[in-house]
Amino acid sequence: MTVNSRPARPVMLGQNQYGKAENRVVKITRDGATHHIKDLNVSVALSGDMDEVHLSGSNANVLPTDTTKNTVYAFAKEHGIESAEQFGIHLARHFVTSQEPIKTARIRIEEYAWERIATSDANSKFIGADEVKHSFVRQGQETRVTQITYDGESWEVVSGLKDLVVMNSTNSEFWGYVKDKYTTLPEAYDRILATQVSARWRFNWTDDEQKAPNWEKSYAQVKKHMLQAFAETYSLSLQQTLYQMGSRIIENRGEIDEVRFSLPNKHHFLVDLEPFGLKNDNEVYFAADRPYGLIEATILRDGCEPKIPVDLTNL
C-alpha cells in the first residue's frame, strides 16, 4: 500500500529581522551646574533562529520588541551615552550575548546635536545669566548617523551624516559634456555649486582585540576634512569634488577604509533679468529643489573591498 506524502511547498523563508524602530532617547549628564545632552533616535533589528515564529507562530525564541525598547532606555542610564557608536556597541553586544536564538544585531542611530546658548554678561533678576550652563539650541547643520552590526564574533561600524547643506558661490564650472538633440543646458564657466551631503564611512575596527577609535574625535575630524576638501577644490564637476572629499578622508583618517557619498546637485540657475532692462552679472539665482542631479560614488583605501551598500545613502 502506497502512502501519499505531502508534497513540499514551493516556498522558503528568506532573510528576516525584527526589533523596535525609532526609540527616541535623550540623556542629560549633570556635571554640577553644567549639563550635557545626547539626543538619539535608536532603531534595533535582531535576526537569528526565528523560523518558527514565521512558520507556526511560536514566540518561544522571540524577545519582545517592547523589551528592546526598554533596554535602550535602561542602557542610557547604566552605561551612559559616550558616543552614538559606543552606545550602539553596548546594545548589539547585549542582544547577541544574552539571547541564544539571536545571532546578529543591527543598531541604527541618528544623533541630533545641541549647542549651548551664549548668555549675556548682565545678571538676571533670578539667576546670574553668565552662569547659565543648562540652556541649549538645536543645531540644524546635519544629522549624525551610525549603524553597528554584530554577529557574536565581528563588528561592522558604518557612521556618517545626512542633510549637511554646503555651497561654493564660485570656483565651479561645468562644460565639455556630451550634447545631443535634447541638450539645452548652457555651458557654465562660473557657477554656484551646492549639495546636501549624505555620507557613510566604514571603520576598519572589526573585533574586540583591536583598539577602538575615538568615535567623537573621528566624527569631528572626518567632517572637517570633508568640508575643507569641498571648499578648497576648484570644481569642474560635482563628481570631481566628491572624489576629493572622499580622498581627503581616506588619506587623513587611518581608521576608515571606505567612504560613500550621495550628493544631490542643488541647482542654482541664473534668472533672466533682461526683460526688465537689468544685467544679471552672476548675482541673482533661482534655487530649484527638483528635479536634481544625483551624484554617488564610493572611495576606498587601496586594497580594500567595498562593503557599504550602494543604496544606504540615497533616496
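Because the structure is a prediction, the values reported are computed rather than measured.

### Details of the packing of helix 2 (residues 65-78) against helix 3 (residues 84-98)
Thought 1: Here helix 2 crosses helix 3 at 130°, and the two axes come no closer than 11 Å. Overall, the two elements helix 2 and helix 3 adopt an arrangement that is oblique. For the pair helix 2 and helix 3, the sense of crossing is right-handed. Contacts between helix 2 and helix 3 pair T68, T71, V72, F75 and A76 from the former with F87, H90, L91, H94 and F95 from the latter.
Thought 2: Along the lines of polarity and charge, the residues of the contact of helix 2 with helix 3 split into 6 nonpolar, 4 polar and no charged.

### Concerning the environment of A194
Thought 1: By secondary structure assignment, the location of A194 is in strand 8 (residues 193-203).
Thought 2: Residues A194 and N265 lie 71 residues apart in sequence; the distance between their C-alpha atoms is 6.2 Å.
Thought 3: Setting aside its immediate chain neighbours within four residues, A194 contacts V166, M167, P264, N265, K266 and H268.

### Details of the nonpolar core
Thought 1: By size, the foremost hydrophobic cluster in this structure holds 53 residues, and its most contacted members are V42, F87, I107, V197, W201, M226 and F261.
Thought 2: With 7 residues, the single largest contributor to this core is helix 3.

### A closer look at unusual backbone geometry
Thought 1: The omega torsion across R290 and P291 is -5°, close enough to zero to call that bond cis.
Thought 2: Relative to the elements of secondary structure, P291 occurs in the loop between strand 11 (285-287) and strand 12 (293-300).
Thought 3: Its identity as a non-glycine residue notwithstanding, E22 has a phi of 55°, on the positive side.
Thought 4: At D163, a residue that is not glycine, the phi angle is positive and equals roughly 65°.
Thought 5: Here D163 shows up in strand 7 (residues 155-168).
Thought 6: For D163, a relative accessible area of 35% translates into the label partly exposed.

Cut-offs used in this document
- Residues numbered from 1 in each chain as written.
- Predicted model: local features only at pLDDT ≥ 70, side-chain atom pairs only at ≥ 80, totals over all residues.
- Heavy atoms only, no water.
- Axes fitted to C-alpha atoms, helices over the stretch in contact; angles between N-to-C directions.
- Helix = DSSP H or I, 4+ residues; strand = E, 2+ residues; numbered from the N terminus.
- Parallel < 35°, antiparallel > 145°, perpendicular 65-115°, else oblique.
- Left-handed = near helix turned anticlockwise from the far one by under 90°.
- Contact = heavy atoms within 4.5 Å.
- Nonpolar A, V, L, I, M, F, W, Y, C, P; charged D, E, K, R; others polar.
- Core = buried A, V, L, I, M, F, W, Y, C linked by side-chain atoms within 4.5 Å.
- Buried < 20%, exposed > 50% of the residue type's maximum accessible area, 1.4 Å probe, protein only.

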